[in-house]
Amino acid sequence: MILFNDNREFKTESGTIINGLTIAYDTYGTPNADMTNVVWVCHALTANSDVADWWPETVVPGRFLDPEKYFVICANVLGSCYGTTGPTSINPETGEPWGDSFPIISVRDMVECHRRLAEHLDINSVEMLIGSSLGGFQCLEWAIIDPSFVRNLVLIATGSYTRPWAAAFNEAQRMALLADSTYGIPGGGKAGIAAARAIAMLSYRGAHAYDVTQRDTINGEQPPFERRAASYQRHQGTKLANRFDPCSYMRMTWAVDSHDVGRGRGGIEKALATVRARTLVISITSDILFTPADHQDLVDNISGAIYHEIDSDFGHDGFLIENKLLDKLIKDFLTECNQQPL
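Residues numbered from 1 in each chain as written. Predicted model: local features only at pLDDT ≥ 70, side-chain atom pairs only at ≥ 80, totals over all residues. Heavy atoms only, no water.

Enquirer: Outline the sheet that holds strand S9 (residues 278–284), supporting the account with residue identities and numerical values.
Expert: Taken together, the eight strands give an open sheet; going across it, the order is S1-S2-S4-S3-S7-S8-S9-S10, and neighbouring strands pair in mixed fashion. Single-partner strands in this sheet number two, and they are strand S1 (2–11) and strand S10 (306–310). Taken pair by pair, the neighbouring strands of this sheet meet at an average axis angle of 20°, ignoring direction. Two elements, S1 and strand S2 (residues 17–28), share eight bridges in a ladder whose sense is antiparallel. Its bridge partner being in S2, Phe 4 is matched across the sheet by Ile 23. Along the sheet, helix H2 (residues 107–120) contacts S1, S2, strand S3 (38–42) and strand S4 (71–75); its crossing angle with S1, the most-contacted strand, is approximately 120°. Where helix H3 (residues 134–145) meets the sheet, it contacts S3, strand S7 (126–132) and strand S8 (150–156), and its direction lies at approximately 140° from that of S7. (Pairing = 2+ DSSP bridges. Helix = DSSP H or I, 4+ residues; strand = E, 2+ residues; numbered from the N terminus. Axes fitted to C-alpha atoms, helices over the stretch in contact; angles between N-to-C directions. Contact = heavy atoms within 4.5 Å.)

Given below as structure tokens:
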């Protein structure tokens, strides 16, 4: 992990001034002489800047994030707890961690931080900008804010705005966080974030994935008071509670809810029509959070967009699991793009 300290003030969309930012990022591979091999990955909700850590079998020679071919970069988002300024960072005005006083942030705030890092690194354009879920939100915003920055855009399991269904899941998670009386206290909020993660898992996997992977084995004549699905929920909740900050989780879900590319731009159709990048849109058949139908406005309104569905049992989490299918689709897309004039 590399840290970039930007001493300029940063004004969030909510109007709060942050006096100086730290932006954490990781890189893989080497930039070529004319910086035409840069691939920028935007990460999802609770991931970090180390793509190889959370996206298995992708930062590998021969795969779509080949470090021998590309200079791959990923920055931790504003408001997270993995190195970039967020609730666990020190507020320079108080000398104490921001905690729950950290400002509400938007996806556009996250992208503005990325753009500051790109400027610092003298990256004026990228061969590919790629992201899934919240990562896809960032990619879309960036491609709209600066259309010339992106040559090839890959959007996976994402959308042009956060629909009420997804926002309702996020509010249920925030209710779980606030139901924990220790939320906002340093070191507190662990029960709340564990419950929030259990709620989130339902949206990430869906009924079919649970029925396939969490089926109980019947032994003896006693009823199954301890269900496999129940232990799975507790396990996933504890895992996140042990690695992620509850106040950061609150900010991340609010940022997700802020997403609407049409806001202030005359609507979604007009905003998407400004995207100039060659675009690949990928949905997952069993995704209940961003259904295949939710991707249609991207395909209809981004000129020349190519659409594919991945058939997977794993719902929204399929973007983390179906690496071989993703690899073929993305490499085929890039090969075709390289054969076409800009």
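Enquirer: Can you explain helix H11 (residues 323–338)? Please cite residues and give values.
Expert: Its 16 residues give H11 an end-to-end C-alpha distance of 22 Å, which sits within 8% of 22 Å, the value for a rise of 1.5 Å per residue. Those residues of H11 that sit buried are Asn 323, Leu 326, Asp 327, Leu 329, Ile 330, Phe 333, Leu 334 and Cys 337. Where H11 is buried, its residues touch S7, S8, S9, S10 and helix H10 (318–321). (Expected span 1.5 Å × (residues − 1). Buried < 20%, exposed > 50% of the residue type's maximum accessible area, 1.4 Å probe, protein only.)

Enquirer: Kindly report on the environment of Asp 26, identifying the contributing residues and their values.
Expert: Considering the arrangement of structural elements, one finds Asp 26 in strand S2. When its relative accessible area of 13% is taken as the criterion, Asp 26 is described as buried. Along the chain, Asp 26 and Asn 76 lie 50 residues apart, while their C-alpha atoms are 8.6 Å from each other. Those residues in contact with Asp 26, other than ones at most four positions away along the chain, are Met 1, Ser 49, Asp 50, Val 72, Ile 73 and Cys 74. A polar contact is formed between the side chain of Asp 26 and the side chain of Ser 49, at a distance of 2.6 Å. (Polar contact = N/O pair within 3.5 Å; in protein donor to acceptor, adjacent residues only side chain to side chain.)

Enquirer: Tell me what's going on with the packing of H2 against H3, and back it up with residues and numbers.
Expert: Relative orientation of the contacting elements H2 and H3 amounts to 65°, with a least axis distance of 9 Å. When the axes of H2 and H3 are compared, the pair comes out roughly perpendicular. Along this stretch, H2 crosses H3, giving a crossing that reads as right-handed. Packed against H2, whose contacting residues are Val 107, Arg 108, Met 110, Val 111, His 114, Arg 115 and Ala 118, the element H3 presents Leu 134, Phe 137, Gln 138, Glu 141, Trp 142 and Ile 145 at the interface. (Parallel < 35°, antiparallel > 145°, perpendicular 65-115°, else oblique. Left-handed = near helix turned anticlockwise from the far one by under 90°.)

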